[in-house]
Amino acid sequence: MLISKKNRRAVYKQLFNDGVMYAEKDFNLKQHPEKDLEGVSNLEVIKLLQSLRSKELVTERYAWRHFYWFLTDSGIEYLREYLNLTAPASAATGPTALAAATAAATAPTRPVPPASTALSSAPAASAAAAAAPLPRPPSERVALL
């Protein structure tokens, strides 16, 4: 399929900036729903990303009539070269973005209380207290039926 260079660059730029791309499985849709892809048809987006998938530059998921594509490390390098970007430019799903998201997800949600002096005299009791799970906050509790 012939796709204009302007549309190809727009799709690749959007993919590089977000790190992910989606498209509904509607080959007749005249306009892709993404606001930044003005004038690009849904079919062009699907075919461009199928091409990147065949080169293993993106991974593809399909669910509920929607395609989802995720940029791989080799895809980041390819798009960086294609778009003539410098090395510090990074995709939204790049290693620094993922490290920041992982750090935020694994950060404790509430502070750990300091060890009291009464428990420090009984090492077995303090070890058992430290190993015991903390109660979940009300928003995380699951109702059992």
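Cut-offs used in this document
Residues numbered from 1 in each chain as written. Predicted model: local features only at pLDDT ≥ 70, side-chain atom pairs only at ≥ 80, totals over all residues. Heavy atoms only, no water. Core = buried A, V, L, I, M, F, W, Y, C linked by side-chain atoms within 4.5 Å. Buried < 20%, exposed > 50% of the residue type's maximum accessible area, 1.4 Å probe, protein only. Helix = DSSP H or I, 4+ residues; strand = E, 2+ residues; numbered from the N terminus. Contact = heavy atoms within 4.5 Å. Pairing = 2+ DSSP bridges. Axes fitted to C-alpha atoms, helices over the stretch in contact; angles between N-to-C directions. Phe/Tyr/Trp six-rings, centres within 6.5 Å; stacked < 30°, edge-to-face > 60°.

Visitor: I'm lost on the nonpolar core in this one. Help?
Guide: Within soluble globular proteins, side chains that are nonpolar tend to cluster in buried spots. In this structure, L15, M21, V45, L49 and W69 are the most contacted members of the largest nonpolar core, which totals 22 residues. Elements supplying a minimum of two residues to this core: α1 (5-18), β1 (20-24), α2 (42-54), β3 (66-71) and α3 (73-82). Here this core gets 5 residues from one element, more than from any other, and that element is α2. Contact partners of W69, with chain neighbours within four places excluded, come to G19, V20, M21, Y22, A23, I46, L49, V58, T59 and E60.

Visitor: Which parts of the structure should I look at to understand the sheet that holds β3?
Guide: On the basis of which strands lie adjacent, the open sheet formed by 3 strands has the order β1-β3-β2 and antiparallel pairing. Unpaired on one side and paired on the other, β1 and β2 (58-63) mark the two borders of the sheet. Here the strands of the sheet are splayed against their neighbours by 20° on average, with no regard to which way each runs. Where β1 lies against β3, 5 bridges are found, and the strand directions are antiparallel. Counterpart to V20 in the pairing with β3 is F70. Against the sheet, α1 touches β1, β2 and β3, its axis set at about 125° to β1.

Visitor: Sorry, what's going on with the packing of aromatic side chains here?
Guide: Two measures describe an aromatic ring pair: the distance that separates the ring centres and the angle between the ring planes. One pass over the full model with this rule turns up 5 aromatic pairs. For the pair Y12 and Y78, a centre-to-centre distance of 6.4 Å together with 75° between the ring planes defines the contact as edge-to-face. On the criterion of sequence distance, the pair formed by Y12 in helix α1 and Y78 in helix α3 is long-range, its members being 66 residues apart. Residue class for Y12 comes out buried when judged on its relative accessible area of 2%. Given a relative accessible area of 27%, Y78 falls into the partly exposed group. A centroid spacing of 5.4 Å and a plane angle of 15° characterise the contact between F67 and W69, whose relative ring orientation is stacked. The two residues F67 and W69 agree in class, both being buried. Chaining the aromatic ring pairs together yields one cluster made of Y12, Y78 and Y82.

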